[in-house]
Amino acid sequence: MLCNNMASISFSFEENYSEDVLRSLSKEFSRVKGLAYLDHTAATLYAESQINGAHEDLLGNVYGNPHSLSLSSKHACDAIETIRYRILNYFHNLEEYSVIFTSGATAALKLVVETFDWSGSETIKKPQEKRVISSPGEDIYLKPKLQESLQEKDAGNFIYFNESHTSVLGMREVAKAKGSFVRTISKSELRECFSKTFFEQATPDACNSLFVYPAQCNFSGVKYPLKWTERVQNGALNCCVPGKPTNWFCFLDAATYVSTNDLDLSKVKPDFVCISFYKIFGYPTGLGALLVKNSVGHVLKKEYFGGGSVLISLSNQKFHINKRGFERFEDGTISFLSILSLQHGFDTISKLVGNMANVTIHTFNLARYFYSTLISMHHSNGKPVAKVYCDTDYDNMDTQGNIVNFNLLRANGSYIGYAEVLQMANLNKIHLRTGCFCNPGACQRHLNLSDQELLENYEAGHVCGDTIDLINGKPTGSVRISFGYMSTKTDADSLLTMIQECFIENHGVSLKCFNEETNKFSEATIYDEEKDHSLAKPSTIDSKSELLHKFSSVYVEQHGIVNDLSNTHLSHIFLYPVKSCGAFQVKSWHIGPSGLLYDRQWMIMTANGVCVTQKMVPTLCMIQPTIDLKTEELVLNFPGMQQISVPLNAGKKASTLNLTICHSKVCGKKVQVVDCGEEVSEWITAAIQDSSHGKLRLYSQYCATGDFTKTTHASNSLGQLKTLSLSNQAQFLLINYASVQWLLENTDREATDSPHNEEDMISRFRCNFVITGAERMSESNWNSLKIGGITFQSHGPCTRCQIICIDQKTGRKTKEPLTTIARIFEGKMKFGIYLSCENSLQTSAIISVGDSVSYTKNF
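These lines cover the structure that appears in this document, whether it is placed above or below.

Parameters at a glance
Residues numbered from 1 in each chain as written. Predicted model: local features only at pLDDT ≥ 70, side-chain atom pairs only at ≥ 80, totals over all residues. Heavy atoms only, no water. Helix = DSSP H or I, 4+ residues; strand = E, 2+ residues; numbered from the N terminus. Buried < 20%, exposed > 50% of the residue type's maximum accessible area, 1.4 Å probe, protein only. Contact = heavy atoms within 4.5 Å. Areas by Shrake-Rupley, 256 points an atom, 1.4 Å probe, with all protein chains shown as cover. Pairing = 2+ DSSP bridges. Core = buried A, V, L, I, M, F, W, Y, C linked by side-chain atoms within 4.5 Å. Polar contact = N/O pair within 3.5 Å; in protein donor to acceptor, adjacent residues only side chain to side chain. Right-handed = clockwise from strand over helix to strand, strands pointing away. Disulfide = S-S within 2.5 Å.

Let's talk about the overall build of the chain
Here's step 1: Looking only at helices and strands, the chain features 23 helices and 42 strands.
Here's step 2: In the chain, which comprises 859 residues, the proportion classed as buried is 53%.
Here's step 3: Once local pairs closer than 6 in sequence are excluded, the contacts in the chain between residues at least 24 apart make up 72%.
Here's step 4: Total accessible area on the chain is roughly 38200 Å²; 50% of this is exposed by carbon and sulfur atoms.

A word on the pairing of strand β40 (residues 830–837)
Here's step 1: Burial within β40 is extensive, with seven of its eight residues counted as buried.
Here's step 2: Sheet topology places strand β36 (residues 732–736) next to β40; three bridges connect them, and they run antiparallel. Bridge assignment links leucine 733 to a residue of β40, and that residue is tyrosine 834.
Here's step 3: Pairing of strand β39 (residues 790–799) with β40 involves five bridges; the strand directions are antiparallel. Bridging across to β40, phenylalanine 792 finds its partner in cysteine 837.

Re the nonpolar core
Here's step 1: One finds Ile87, Phe101, Phe211, Leu237, Leu263, Phe277 and Tyr485 to be the most contacted residues of the largest nonpolar core, which totals 77 residues.
Here's step 2: If one sorts the elements of this core by residue count, helix α3 (residues 71–90) sits on top with seven residues.
Here's step 3: Residues Val388, Cys805, Leu818 and Phe825 belong to the second largest nonpolar core, which totals 64 residues.

A closer look at the sheet that holds strand β41 (residues 845–848)
Here's step 1: Strand order across the open sheet formed by three strands is β26-β25-β41, with antiparallel pairing between neighbours. Each having just a single partner strand, β26 (595–596) and β41 make up the two edges of the open sheet.

A short note on helix α13 (residues 418–427)
Here's step 1: Summarising burial for α13: eight of the ten residues are buried, a large majority.
Here's step 2: Of all the residues in α13, the buried ones are Tyr418, Ala419, Glu420, Val421, Gln423, Met424, Ala425 and Leu427.
Here's step 3: Of the residues flanking the end of α13, it is lysine 429, one or two places downstream, whose phi is positive at about 60°.

Observations concerning the side chain of asparagine 405
Here's step 1: The residue asparagine 405 is located in strand β14 (residues 403–409) in this model.
Here's step 2: Assessed through its relative accessible area of 0%, asparagine 405 is described here as buried.
Here's step 3: A polar contact of 2.9 Å, which involves the side chain of asparagine 405, links it to the backbone oxygen of phenylalanine 219.

A look at the pairing of strand β8 (residues 247–253)
Here's step 1: Most of β8 sits inside the fold, with six of its seven residues counted as buried.
Here's step 2: Across seven bridges, the pairing between strand β7 (residues 208–214) and β8 is parallel. Counterpart to leucine 210 in the pairing with β8 is phenylalanine 249.
Here's step 3: In terms of handedness, the path from β7 via helix α8 (residues 228–233) over to β8 forms a crossover that is right-handed.
Here's step 4: Where β8 and strand β9 (residues 272–276) come together, three bridges link them in parallel fashion. Bridge pairing links aspartate 253 to cysteine 274 in β9.

Considerations on the environment of glycine 811
Here's step 1: For glycine 811, the position within the fold is in the loop between β39 and α23 (818–824).
Here's step 2: Note on glycine 811: relative accessible area 11%, which makes it buried.
Here's step 3: Along the sequence, glycine 811 and threonine 619 sit 192 residues apart, while their C-alpha atoms lie 4.6 Å from each other.
Here's step 4: If sequence neighbours within four positions are ignored, glycine 811 has contacts with Pro618, Cys621, Met622 and Ile806.

Some remarks on the state of the cysteines
Here's step 1: The tally for this structure, following the rule as stated, stands at two disulfides.
Here's step 2: Linked covalently through their sulfurs, cysteine 193 and cysteine 240 form a disulfide whose S-S length is 2.3 Å. On the S-S bond that ties cysteine 193 to cysteine 240, the torsion sits near 135°, and the link is right-handed. Of the two residues, cysteine 193 sits in helix α7 (residues 187–194) while cysteine 240 sits in the loop between α8 and β8, which places them 47 residues apart along the sequence.
Here's step 3: Exposure remark for cysteine 193: the relative accessible area of 5% places this residue in the buried category.
Here's step 4: Accessibility expressed as a relative area gives 15% for cysteine 240, which makes it buried.
Here's step 5: Linked covalently through their sulfurs, cysteine 436 and cysteine 443 form a disulfide whose S-S length is 2.0 Å.
Here's step 6: The class for cysteine 436 is partly exposed, based on a relative accessible area of 25%.
Here's step 7: Across the chain, the way the bonded cysteines pair up, counted in sequence order, is 1-2, 3-4.
Here's step 8: Here cysteine 438 is not cross-linked by a disulfide; its sulfur's nearest cysteine counterpart is in cysteine 464, at 6.9 Å.

In structure tokens form, the structure reads like this:
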């Protein structure tokens, strides 16, 4: 239930589904119970009966390659033709369109731009004389016949709507290379063109031009008028380009639109339409279609030909004849088994919700409910919680779709980065999308970013798909949620509740602040518009600005706040033998070329070869590994189960022990690992009891000399790359005990799920070293440090993820300390520093609790 100030907000949600439909949907999508899936524009979910139907179909039939002539091939061909018919019937026009199967909407866009006849060349028929074949590779002519001779002309124009998908933007490069005049056009410019009452018409020999636009924006969900199609075909864009009038063709990008809307091609008739089926049915992926109006097939001039697309081709001569129909564009064997599964997608939609008109109403109502509730949420000082990026007021389903796009705001009006929201969403099992969603035009307009700012952001290191969410306080992207036909109000409420609990600031706080005039600390109430009051609690003695300044290297240098180095020492040593499992704490340990001996030497993987982490399975932390150097075993313990052990050096003895060597990746780096056997696999699977990942297996890193060593890009002063075990970023991670104490003071101590003491907080950061005696947060300025007799190089702060919000004793998820870290550092979720050994240790060295620590600072 929604709580606090949301309890007083009562926006109604109009449910258009019957109780029977809701019960059926709950049964069909039982696998998503307990999570909120809000990324349907990216890919919707497949239904259980849909997959069962496809499974039974494949098990009960034999489908051969459609290019063969066997009975199984004929069976497949007949079924595929039925699917083509069903697709056209679904879009309400069986007579005027044809279906070309592609790998997706992007492939359909690419197909058209690569084959489009920009010149509009006239086809002049003239007889050709018989020619003798003299040598391989030479053009041939058969008996006197009519052959096509193209009269070259200037190319036409390519115009695309400026808030189109990146895949549409990519078309401009091909169009330009073919000599076409290329330009982008805005909505206001289109309105001006379409407002004219007279459109200049092209002559019969005019060039061909192409306009592409989306039926629905995948950024904001706004729906663009489908009537634009006819205006374009009537020549409305001739006033927008130089030169003579041309013949205009319209390409409708319907990939986003058809996922929750009915596209009636008997009423709106674009020349080309692209779709991706996984956006409608969830399955299969990698399959889309280009719907082509039969009357415009002549403007697609195919050059490349593949298997199954020709009537005849000669190997020794440059001669071939394409098939006559649109099948000539389906090169090679089409994905016929995936195509056959589409019938179960159509059946499922019809059975569960009736038709797409019902889906349109349902998803619009959910989007309107979420939007209305979100814009009504405020911090205690009256400031809004969110900035919504939209072009409508969500009052009309004809103009607004199933998407809500926004960024969250702090009480002082500053932006909360989308990466912080994503981390908290992942923690709360809420699936959403962040970034710019492959729509740079819409993202730029809504975020009010200039071209220069975008280029400067790129120079600052921001690229598509990364987590650099704020630059100079301005967002580089946003948060997008989208609803599907199986979405529920509970899904929307899950995110609204998370925003309420994690991001709304409800009260001003009384704290001690430094008064420069009196040079003393005094009590003051810091409100959101002046300070981010949630950073501190009454026990804190510094305001945020003073705190950040105090931790700067300039302040350290000027005020000399570094503690006496004689009091700084190593207080904790942890290693994590099995990646993402529990910590093994020691008093003294060996350090080798890849870090602490046996640190992250093992990892758990799914049957698909995916490394399992606490992000996926939080209870991994309850698997407690220990290293027994005497027996040379890794011993695993889990509450309520008998312990199990595996040899320490299986990775080194794989060949002699006849163990299976496999390949995997950790953070994009290739590694070789050794399967530790069936017994430990069964033990781990029984301990975790998570059927969603199937049978789990334990793997040890393969340690063949000189092969498959994993390295980090963090370089020392000599530019050398460091060897890693199965760790993510660096050989070691260090945190400062004083920083932990300070962070604990600033977290919400009243929350029942917050870390309650320093040891609890330390365990969440999964560090290797804890040092005691240094000034809080001073580690951010360290360049290098020496622990005992070993020198380490600092590689900067560690960016934290939602794992620090997992109680390492119970596996329970909490909102702290990630929320506090993000607030303190304005969305930069960093805590602790990465280290590597300054000198690659060829022999093992010893590090011990109590070793003295000294360090050099960056100034």
